2 protein chains.
Amino acid sequence: MSLSFQVLATDGLARRGRLTTPHGVVETPAFMPVGTLGAVKGVTPQELEAAGASILLANLYHLALRPGIDVVERLGGLHAFTGWPGPILTDSGGFQVWSLGGLRTVDADGVTFRSHLDGSPLRFTPEGVVDFQERMGVDVAMMLDECPPWPVTPEAAAASWLRTLDWARRARAAWRGTSGGGLFGIVQGSVYRGLRERAAADLTALDFDGYAIGGVSVGETAPERHAAVEWTAPLLPADRPRYLMGVGYPEDILHATTHGVDLFDCVLPARNARHGVLFTRQGVLKIKNARYKDDPLPIDPECGCPACRRTSRAFLHHLTRSGELTAAVLATLHNLRFYLDFMAGLRQSIQLGTLTEQAKLARRTTGGDAPEGPDVRVLPVSSDPLEQRSS
Amino acid sequence: MSLSFQVLATDGLARRGRLTTPHGVVETPAFMPVGTLGAVKGVTPQELEAAGASILLANLYHLALRPGIDVVERLGGLHAFTGWPGPILTDSGGFQVWSLGGLRTVDADGVTFRSHLDGSPLRFTPEGVVDFQERMGVDVAMMLDECPPWPVTPEAAAASWLRTLDWARRARAAWRGTSGGGLFGIVQGSVYRGLRERAAADLTALDFDGYAIGGVSVGETAPERHAAVEWTAPLLPADRPRYLMGVGYPEDILHATTHGVDLFDCVLPARNARHGVLFTRQGVLKIKNARYKDDPLPIDPECGCPACRRTSRAFLHHLTRSGELTAAVLATLHNLRFYLDFMAGLRQSIQLGTLTEQAKLARRTTGGDAPEGPDVRVLPVSSDPLEQRSS
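Presented here is a report on the structure given in the accompanying data block. (Residues numbered from 1 in each chain as written. Chains lettered and ligands numbered in written order. Predicted model: local features only at pLDDT ≥ 70, side-chain atom pairs only at ≥ 80, totals over all residues. Heavy atoms only, no water.)

1. With respect to the relation of the copies chain B and chain A
The transformation that overlays chain B on chain A combines an axial shift of 0.0 Å with a rotation of 180 degrees, and the residual RMSD is 0.0 Å. Both copies of the chain, as the preceding transformation shows, are related through a two-fold rotation axis. (Least-squares fit on C-alpha atoms with pLDDT ≥ 70 in both.)

2. Observations regarding the pairing of strand β3 (residues 24-28) of chain B
Examined bridge by bridge, strand β2 (residues 14-21) of chain B and β3 of chain B share five bridges and lie antiparallel to one another. In the sheet register, Gly 17 of chain B faces β3 of chain B, and the bridge partner there is Thr 28 of chain B. (Pairing = 2+ DSSP bridges. Helix = DSSP H or I, 4+ residues; strand = E, 2+ residues; numbered from the N terminus.)

3. Describing the pairing of strand β8 (residues 110-114) of chain A
All names here are of chain A. In this structure, strand β7 (residues 104-107) lies alongside β8, joined through four bridges in antiparallel fashion. Bridged to Arg 104 within β8 is Phe 113. Counted along the chain from β7 to the antiparallel partner β8, the turn is two residues long. As paired elements, β8 and strand β9 (residues 121-124) share four bridges and run antiparallel to each other. By the bridge assignment, Phe 113 is partnered in β9 with Leu 122. Connecting β8 to the antiparallel partner β9 that follows it, the hairpin turn spans six residues, and Gly 119 within it adopts a positive phi of roughly 75 degrees.

4. Considering the packing of helix α6 (residues 126-136) of chain A against helix α7 (residues 154-174) of chain A
Residue and element names in this part refer to chain A. Contact geometry of α6 with α7 gives a least axis separation of 8 Å together with a crossing angle of 40 degrees. By the criterion of interaxial angle, the relationship of α6 to α7 is oblique. Crossing angle aside, the handedness with which α6 passes α7 is right-handed. Counted together, Pro 126, Glu 127, Val 130 and Glu 134 of α6 and Trp 167, Arg 170, Ala 171 and Ala 174 of α7 form the full contact between these two elements. Across the contact of α6 with α7, the residue classes break down as five nonpolar, no polar and three charged. (Axes fitted to C-alpha atoms, helices over the stretch in contact; angles between N-to-C directions. Parallel < 35°, antiparallel > 145°, perpendicular 65-115°, else oblique. Left-handed = near helix turned anticlockwise from the far one by under 90°. Contact = heavy atoms within 4.5 Å. Nonpolar A, V, L, I, M, F, W, Y, C, P; charged D, E, K, R; others polar.)

5. Description of the interface of chain B and chain A
Accessible area lost on assembly of the parts is the figure often given for the size of an interface. Each side of the interface is counted separately: chain B has 46 residues, and chain A has 46 residues. Interface area, chain B with chain A, both sides summed: about 3700 Å², of which 59% is carbon and sulfur. The interface formed by chain B and chain A holds six salt bridges in total. For the salt bridge of Glu 324 of chain B with Lys 41 of chain A, the shortest nitrogen-to-oxygen distance reads 2.7 Å. Linking chain B with chain A are 20 residue pairs in polar contact (both at pLDDT 80 or more), by the criterion used here. Put simply, the parts of the chain that give the side of chain B that touches chain A at least two residues each are α1 (45-51), α3 (69-74), α4 (78-82), α12 (306-310), α13 (313-321) and α14 (325-352) of chain B. Grouping the amino acids of the side of chain B that touches chain A by side-chain chemistry returns 22 nonpolar, 11 polar and 13 charged. (Buried area = accessible area lost by both parts, 1.4 Å probe. Salt bridge = Lys/Arg side-chain N within 4 Å of Asp/Glu carboxyl O. Polar contact = N/O pair within 3.5 Å; in protein donor to acceptor, adjacent residues only side chain to side chain.)

6. Some points on helix α7 (residues 154-174) of chain B
Look at α7 of chain B: 30 Å from first C-alpha to last across 21 residues, which is about the 30 Å you get at 1.5 Å a residue. Listed as buried for α7 of chain B are Ala 157, Ser 160, Trp 161, Thr 164, Leu 165, Trp 167, Ala 168, Arg 170 and Ala 171 of chain B. (Expected span 1.5 Å × (residues − 1). Buried < 20%, exposed > 50% of the residue type's maximum accessible area, 1.4 Å probe, protein only.)

7. Let's talk about the packing of helix α8 (residues 193-204) of chain B against helix α9 (residues 222-232) of chain B
Residues and elements named next belong to chain B. The geometry of α8 relative to α9 is characterised by a closest axis approach of 9 Å and an angle of 40 degrees between their N-to-C directions. As far as their axial angle goes, α9 and α8 are oblique. As α8 packs across α9, the resulting crossing turns out to be right-handed. In this structure, α8 contributes Arg 193, Arg 196 and Ala 200 to the contact, and α9 contributes Ala 228, Trp 231 and Thr 232. For the contact of α8 with α9, a count of residues per class yields three nonpolar, one polar and two charged.

8. Re the packing of aromatic side chains
Residues and elements named next belong to chain A. Throughout the structure, instances matching the rule amount to 24 aromatic pairs over all chains. Between Phe 31 and Tyr 339, the aromatic rings sit 4.9 Å apart at their centres with planes inclined by 55 degrees, giving tilted as the arrangement. Linking Phe 31 in strand β4 (residues 30-32) with Tyr 339 in helix α14 (residues 325-352), this pair joins segments that are 308 residues apart in sequence. Here Phe 31 and Tyr 339 have matching classes, each one buried. Centroid distance Tyr 61 to Phe 113: 5.5 Å. Interplanar angle 45 degrees. Geometry classified as tilted. Highlighted residues: Tyr 61 in helix α2 (residues 60-65) and Phe 113 in strand β8, separated in sequence by 52 residues. Per residue, the accessibility class of Tyr 61 equals that of Phe 113, and both read buried. Among the aromatic residues, ring-to-ring pairing joins Phe 31, Tyr 249, Phe 279, Phe 338, Tyr 339 and Phe 342 into one connected group. Sitting over the ring of Phe 208, Arg 172 keeps its end group 5.6 Å from the ring centre. (Phe/Tyr/Trp six-rings, centres within 6.5 Å; stacked < 30°, edge-to-face > 60°. Lys NZ or Arg CZ within 6 Å of the ring centre and 35° of its normal.)

Following this line, the structure appears as structure tokens:
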């Protein structure tokens, strides 16, 4: 089998979908927690399930460096290795390779780089990256792409796209589907509408199992990021899942959802948690602030995460100020649950046909402690544990 | 009510007991995971329960410094504050105060010291420490004691004991029992048999709700530590719980159990976990070792912890080598489960009358990677989840 994707309901451009993979079903729109090395930082596979995650994102670049694809393959693939039995998507590592700057050299055939860990040489080619992901048995593999820097001239962006398109063709041809999963193409094109539109058309002709919008969250402004989504998403095949890579704040996810995107990933909820920045239905909350020293309320009274079910803002303030490991664990579990509840709310609203209206009400005003993100008070964050579990 | 303690079965000097507290029952012999600041490092209250813990240890000294007793009291006491609904024992902080060295001055009435956090002055008196613990609503409070250094002369140890005895009288008189819990006395006396025996008799006359053996694990040899237990434990009242403070390796716990000790605490399982040193039924395992890179087995095939149920030594090796937070979390959950299963096995063996025989078989040979601790292969580590949960 390969992936299958059904659109169950629509609300404007927004889609309520169901992605079926060899390792389970993903109800969309869905957020994929980031487990770069195979685990979300501080979170057991069991806790990730309990939070309501249905699909995990891992990173081929990091796994190729450590422990190495051979090791993962010998140990029965990425699911057996990590203990995460559900669907897994691996990013191809293109983004990470480009981030290496001077440590890599690109030629028409692929990219050669040095490990950021020990300097050992590695080579990624479009075919090799497909092969790595098939050997790890992932449910969704991503093609190797070139993520242009930002800012970039239109000419350089167009030249970069030609290379990525060539790699897309080679990746598509190399994909054997032995893992039963699917291969996604990645639309690039930077902030240039014509190039994004052309890239969407080029990739659609290659008949990928799904389509990602890449090259965002690289430094561009929010309006530029939103525009890239608005130009690209509607041009992608309606019967395939659409994935916005590395985005973002709840407002960004809401915006993209209303333009027809189905899948998201971002390190934000986990990274912010480790810095004591918590998402709540009342706005963003910086738990280190002295005002929380005596606060007996849960982080978010409507949340069902392990922290909110048992302890107070005061306790998390105390653990965070004390630099305790448990602070990072509880905060991460909370923020992940918030994001996953938020996605459940989006799914519910699309099903009810109320998302477009609710999205109009969501403003870029700031709630809580600081402008860490938009106010999500009017957004439909689900707190129904059944919806959470069944999705 | 106060504490109640029943001895349900004996095997030689070993006791299978039941300690009933205002917040629940503790089946003994029991291991108390250390949550100095109110949480075991990296572990949620829910995970601690799932591992089979029945009682949590916290530390008055650390809590008095941060967040302060007033804060804990205002927030409804230590149970409400931490989200741990079961029994809690707080150490008085005597040991921590003595560790401060030059930062503290002792007089007959108590001890004045400076916070190791911000240098602010604090004062502990026998009455104050009792009051702090009552205000936090703990189930078991510990008296303020003086922990003599090691080595110490017989004269200095005896003088120290006189001070501790005076503080014991004052603590006993100050204890009101408003929290419904109990107050434990602490036997000191260093490595001197006569002094230990006298201290046990002195304290017994004061009718504490339980008795601790303190002043061990301060640098003395294992035979000296074992001797202190062998001299002291049998002299303590048979109808009260006995607690060996800060001990230790499974072999130490086994030894003390066979001499009639009921309660234990130690940072060892959690601290070792954070350094990649794992306890298993096959011996100690240093997960960073290259030999585990490809090892598909669970850490301990008989263990039911979240790590062993889902992942391999290879995955934990990978996460540990990568410095991932999840490595510390999974390893801590594993080691705690090992200790708690080990205690369940001891309880079972006492019930069956087989502990004395099994203890003879336990040798100081080393299993696994390195002499981090004794071989516990012949010890009765329970892997029965029902026994775990019901205890």
